[in-house]
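The primary structure of each chain is shown beneath.
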Amino acid sequence: MEVIVNETYEEMGKTAARVVAKTLNAKPNAVLGLATGSTPLSLYQELVRMHKDEGLDFSQVTTFNLDEYVGLKIDHPQSYHYFMNENLFQHINVPAANIHIPSGTTDNYEAFCNWYERRIVECGGIDLQVLGIGSDGHIAFNEPSSSLGSRTRIKTLAKPTIEDNARFFDSAEEVPIYAITMGVGTILEARKILLLANKESKAPAITAAIEGPVTSLCTASALQLHPDTMFILDRAAASGLSMLDYYEWIQSKMPDAP
Ligand code: F6R
């Protein structure tokens, strides 16, 4: 695990964008796993800027989003389809046919979930997976007590998640109760993982994920079992880490490492 601490939210996005760009430079047809929510916005803004100013090319890229609310049509302003189009896809040159987002309106969820898993494999697997983290430690919508081997499926959102996400809706009653989400097992198969977190409200979840036991009660802690995970944090999200000095020492010594 690598822990990188940035002073600001904008800097966090730039650090993550450099990792995405490095992946695309090495493999122009890379498969990216993408997240929604407020956390990755500074990353997406920087990717759009790099595309416009520096020609960062997405023409061969394939994407898979982590999750979608059940019941929201793709043009609902709070759907993750809408979010991705607004904040990233319409501003870059990724072909529409290469974009995958779980369906929140299929009439056969089981078949759709199985297809989504198969499609990831057919496309060669996810090279780089971007994640946020919930204040309850969830990754994607794998709420506490999700199996650490879980695959794409329907999940019932936990009450704290519904309360957290109510800020995007007119009221908590309007937040969907179910989501379709990649599983922890699906996520762990990505070749490289970037988990982004900012704000003090994420500090307890980040501390549990990085320094706590591996437990389904904090599904992000399963990333401790992954061979190539990078946590890109702002200082507030990193504030509860007991080994913070060491993580920063590692980063400062990285350029000279043999
Ligand atoms: C979104 C997702 C969620 C969010 C998490 C944090 O696709 O999978 O796990 O990353 O709920 O949300 P924000 O970034 O809004 O704090």
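Residue positions are given per chain, counting from 1 as you read along its sequence in written order. At least 70 in pLDDT is required for a residue's local features to be given in this predicted model, at least 80 for side-chain atom pairs to be given and counted, and no such filter applies to totals for whole chains, interfaces and linings, which use all residues. With hydrogens and water excluded, all non-hydrogen atoms of the structure serve as input to the side-chain values.

1. Examining the sheet that holds strand E5 (residues 99-100)
In sheet architecture, strand pairing relies on hydrogen bonds along the backbone and comes in two forms, parallel and antiparallel. Ordered by their spatial adjacency, seven strands build an open sheet running E1-E10-E9-E6-E2-E3-E5, and the pairing between neighbours is parallel. In this open sheet, the two edge strands, each paired with only one partner strand, are strand E1 (2-6) and E5. Strands qualify as paired when DSSP identifies two bridges or more between them. Secondary structure counts use DSSP, requiring at least four H or I residues in a row for a helix and at least two E residues in a row for a strand, with both numbered from the N terminus. By the bridge criterion, two bridges tie strand E3 (residues 62-65) to E5 in an arrangement that is parallel. Pairing of Phe-64 across the sheet is with His-100, part of E5. Seen against the sheet, helix H7 (residues 203-211) touches E1, strand E9 (192-197) and strand E10 (229-234) and runs at an angle of roughly 155° to E10. Any two residues having at least one pair of non-hydrogen atoms within 4.5 Å are treated as being in contact. Angular values range over 0 to 180 degrees, each being the angle between N-to-C directions of two axes fitted as lines to C-alpha atoms, with helices fitted over their stretch in contact.

2. So, empty space enclosed by the protein
Note on definitions: the grid is 1 Å and covers protein atoms alone; a cavity is a set of points where a 1.4 Å probe fits but cannot get out; a pocket is an open set with protein on both sides within 12 Å along at least five of seven lines; lining residues have an atom within 4 Å of a point. Grid points are joined across faces, edges and corners, and a volume is the space filled by probe spheres set on the points. Overall, the coordinates contain one cavity of 30 Å³ or more when judged by the stated rule. A volume near 30 Å³ is recorded for the largest cavity. In this structure, the largest cavity is lined by Leu-32, Leu-34, Leu-47, Phe-58, Thr-63, Leu-88, Phe-89 and Ile-92. Amino acids outside the nonpolar list (Ala, Val, Leu, Ile, Met, Phe, Trp, Tyr, Cys, Pro) and the charged list (Asp, Glu, Lys, Arg) are all regarded as polar, and Gly is one of them. Residue composition of the lining of the largest cavity, by class: seven nonpolar, one polar and no charged.

3. Side note on the pattern of salt bridges
We define a salt bridge as a side-chain nitrogen of Lys or Arg found within 4 Å of a carboxyl oxygen belonging to Asp or Glu. In this structure the tally under the stated criterion is 11 salt bridges. Salt-bridge contacts for Arg-119 lead to Glu-122; the nearest nitrogen and oxygen are separated by 2.7 Å. With Arg-119 and Glu-122 both in helix H4 (residues 109-122), this residue pair falls three residues apart, about one helical turn. Summary of the burial criterion: residues with accessible area below 20% of their type's maximum are buried, those above 50% are exposed, and those between are partly exposed, where the area comes from a 1.4 Å probe applied to protein chains only. Classification of Arg-119 as partly exposed rests on a relative accessible area of 24%.

4. Re the layout of surface pockets
Its boundaries defined by the atoms lining it, the largest pocket holds a volume of some 410 Å³. If you list the elements that add at least two residues to the lining of the largest pocket, you get strand E4 (67-69) and helix H5 (159-165). By residue number, the principal contributor to the lining of the largest pocket is H5, which donates three residues. Partitioned by chemical class, the residues of the lining of the largest pocket number 10 nonpolar, 11 polar and five charged.

5. Focus: the site of the ligand
Neighbouring the ligand are 14 residues, the closest being Thr-39, Asp-67, His-138, Ala-140 and Lys-202. One of the backbone N or O atoms of Ser-38 is found 2.9 Å from an oxygen atom in the ligand. Residues adjacent in sequence count toward polar contacts only when both atoms are side-chain atoms; beyond that, a polar contact is any pair of N or O atoms within 3.5 Å, and within protein one must be able to donate a hydrogen and the other to accept it. The separation between an oxygen atom of the ligand and a polar main-chain atom of Ala-140 is 2.7 Å. Residue exposure ignores everything except the shown protein chains as possible cover, and the areas themselves are Shrake-Rupley values with a 1.4 Å probe. Considering the ligand on its own, with 410 Å² of exposed area, one finds that the protein chains cover 94% of that surface. A cavity or pocket is said to hold a molecule if more than half of that molecule's atoms lie within 2 Å of its grid points. Here the ligand is seated within the largest pocket. Its residues assigned to classes, the shell around the ligand shows four nonpolar, seven polar and three charged. Residue proximity to a molecule or strand is established when one non-hydrogen atom of the residue lies within 4 Å of it.

6. Some words on the sheet that holds E4
Read from one edge of the open sheet, three strands run E4-E8-E7, paired in antiparallel fashion. Sheet topology places E4 and strand E7 (153-156) at the edges, where each strand pairs with a single neighbour. Strand-to-strand twist of the sheet, defined as the mean angle between neighbouring strand axes without regard to direction, takes the value 30°. By the bridge criterion, three bridges tie E4 to strand E8 (residues 178-181) in an arrangement that is antiparallel. The partner of Tyr-69 across the bridge, within E8, is Ala-179.

7. Structural notes on the environment of Gln-60
Along the chain, Gln-60 falls in the loop between helix H2 (41-54) and E3. Residue class for Gln-60 comes out partly exposed when judged on its relative accessible area of 44%. For the pair Gln-60 and Ala-140, spaced 80 residues apart in sequence, the C-alpha to C-alpha distance is 25 Å. Excluding residues that lie within four positions of it along the chain, Gln-60 makes contacts with Pro-28, Asn-29, Ala-30 and Asn-98.

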